[in-house]
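Take a look at the letters that make up each chain.
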Amino acid sequence: MRCALDLALHGWGRTQPNPMVGAVIVEDGKVVAEGFHAKDGGPHAERVALAGLGRTPKRDATLYVTLEPCSTQGRTGACTEAILGAGFRRVVVGTNDPNPEHSGRGLEILRKAGVTVVAGVLEGECADLNLLYNHWVIQRTALLAGKLAMTIDGRIACRSGDSQWITGELARADVHRWRRLFPGIAVGAGTVMKDNPRLTARLTTEPEWCPIRFVFDGLLRTVVDRNLPRVYTDEFRDRTIVVTTPHGGAGYVRKLRELGVQVWILPSPTQRVPLADFRARCTEAQIGGVLFEGGAELLSNLMHQRQLDYLFSYCAPILLADEKAKPLLSGLRTERLSSALRLAEVRREILGDDTLTRGRLVYPEKLQIDEATFSLG
């Protein structure tokens, strides 16, 4: 199953809206064929492994697959049919397909046909492999995730604003790996004006790749200066979407569109973009996930509006010990630990000297906003 998991990762960022899946055929204790789902519309992992084998599996062969085989025809045919047609007598599955419309159905079909099915092997790792797919098929909405890089004492910049670099090279490279997975990356206007980021995935193993780049700018401040940010002028500018409100000004909207930049204008009584409406727009556009990389106010606003689903927190072994250094998140009035936000399904990873902690956000029944430090507008 670990071999199948490693194979599935070859589809990282290329299979959406489908899941990543790996499959291995074992005969006489040896791997004789491998397969993974390479891209949306392509053959599924089980069929790729069977094609690689090029013959009928032996009678004692076992198929290992990270995700429950599909039981519907789709574009490539049901994998349960291919498994039964090949004559497998034993199938080992990592995790069930979370899609409530047919979860468990594939396993049931195989068992009814006399196949021995072993399910739940490395279940947590196999389920974690498909964060975006799982959220999409269960919630039917885009997954909105946040990324933070912080010191041990929860600061994201010095009082001067200096923040490059809090984390080391391995942690920063890991961010690019997640950028390659998420269809969309989002930042606020302040981050664009301060850092002028490129917001692309730059991995050593493949060419630079550009996700959909969202810039949240309710007043279109990023368009005022003659020296426009690179996300409005580079070769990927047609993949930039500025998310704004009617308060931004029609002239600036026209300027962006003339540059080839897309603009989403979401109705709002204030300069703040309504984040629930943004999520709905992403879902309508079939954008399965957006990784918010800053700034702190945008991420805090996501949290206040209960629109932040998942969190990636990179922590460096650095202490600023300065009460005026920029805090991680703000704006809540949390008086009891029982009313704090928590992470569930937590995963941790050591990246050089830094640590990544990630997980699904669990909100208390009621969030109390501290209006003295943050206003929803």
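Our subject is the structure that appears above.
Now for a description of the structure that goes with this document.

What counts, and at which threshold
Residues numbered from 1 in each chain as written. Predicted model: local features only at pLDDT ≥ 70, side-chain atom pairs only at ≥ 80, totals over all residues. Heavy atoms only, no water. Buried < 20%, exposed > 50% of the residue type's maximum accessible area, 1.4 Å probe, protein only. Helix = DSSP H or I, 4+ residues; strand = E, 2+ residues; numbered from the N terminus. Arc of directions from axis to C-beta. Contact = heavy atoms within 4.5 Å. Salt bridge = Lys/Arg side-chain N within 4 Å of Asp/Glu carboxyl O. Axes fitted to C-alpha atoms, helices over the stretch in contact; angles between N-to-C directions. Parallel < 35°, antiparallel > 145°, perpendicular 65-115°, else oblique. Left-handed = near helix turned anticlockwise from the far one by under 90°. Pairing = 2+ DSSP bridges.

## A short note on helix H2 (residues 45-53)
Alright, step 1. Among the residues of H2, Ala45, Glu46, Ala49, Leu50 and Leu53 are the ones counted as buried. Seen along its axis, H2 keeps its buried residues to an arc of 135°; they face one direction. Seen from the open side of H2, the exposed residues pointing more than 90 degrees away from its buried face are Ala51 and Gly52.
Alright, step 2. Turning to H2, the residues buried within the fold contact strand S1 (22-27), strand S2 (30-36), strand S3 (62-67) and helix H3 (79-86).

## Observations concerning the pattern of salt bridges
Alright, step 1. Within this structure, the stated rule accounts for 19 salt bridges.
Alright, step 2. The salt bridge involving Arg14 is made with Glu206; its shortest N-O contact spans 2.8 Å. Of this pair, Arg14 sits in the loop between helix H1 (2-8) and S1 while Glu206 sits in the loop between helix H8 (189-195) and strand S9 (212-216), and the two are 192 residues apart along the sequence.
Alright, step 3. When its relative accessible area of 33% is taken as the criterion, Arg14 is described as partly exposed.
Alright, step 4. What makes Glu206 partly exposed here is its relative accessible area of 21%.

## Considerations on unusual backbone geometry
Alright, step 1. Along the chain, Gln16 connects to Pro17 via a cis peptide bond; the corresponding omega equals 10°.
Alright, step 2. Tracing the chain through its elements places Pro17 in the loop between H1 and S1.
Alright, step 3. Although it is not a glycine, Gln286 sits at a positive phi angle of roughly 65°.
Alright, step 4. Note that Gln286 resides in the loop between helix H10 (275-284) and strand S12 (289-292).

## Some words on the packing of H2 against H3
Alright, step 1. It is at 9 Å that the axes of H2 and H3 come closest, and there the two elements cross at 30°. Comparing their axes, H3 and H2 come out roughly parallel. Handedness of the crossing formed by H2 with H3: left-handed. Residues Glu46, Arg47 and Leu50 of H2 touch H3, and the partners they reach there are Cys79, Ala82, Ile83 and Ala86.

## A look at helix H11 (residues 296-304)
Alright, step 1. Burial runs high along H11: 8 of the 9 residues are buried.
Alright, step 2. Along H11, the positions that sit buried rather than exposed are Ala296, Leu298, Leu299, Ser300, Asn301, Leu302, Met303 and His304.
Alright, step 3. Among the residues trailing H11, Arg306 stands out with phi positive, at a value near 55°.

## Examining the side chain of Thr245
Alright, step 1. Along the polypeptide, Thr245 turns up in the loop between strand S10 (240-244) and helix H9 (250-259).
Alright, step 2. The buried category is assigned to Thr245, whose relative accessible area is 2%.
Alright, step 3. Excluding residues that lie within four positions of it along the chain, Thr245 makes contacts with Gly218, Ile265, Leu266, Ser268, Thr270, Gln271, Arg272 and Val273.

## A short note on the sheet that holds S1
Alright, step 1. One open sheet holds the 5 strands; their spatial order is S2-S1-S3-S4-S5, and the pairing between them is mixed. The open sheet has two edge strands with one neighbour each: S2 and strand S5 (116-119). Across this sheet, the average inter-strand angle for adjacent strands is 20°, counted without regard to direction.
Alright, step 2. Here strand S4 (residues 90-95) runs beside S5; their pairing, made up of 4 bridges, is parallel. Within S5, the position partnered with Val92 by the bridge is Val118.
Alright, step 3. Of the strands in this sheet, S1, S2 and S3 are in contact with H2, which crosses S2 at around 130°.
Alright, step 4. Contacts from helix H4 (residues 105-112) reach S4 and S5 within the one sheet, and its direction differs from that of S5 by about 150°.

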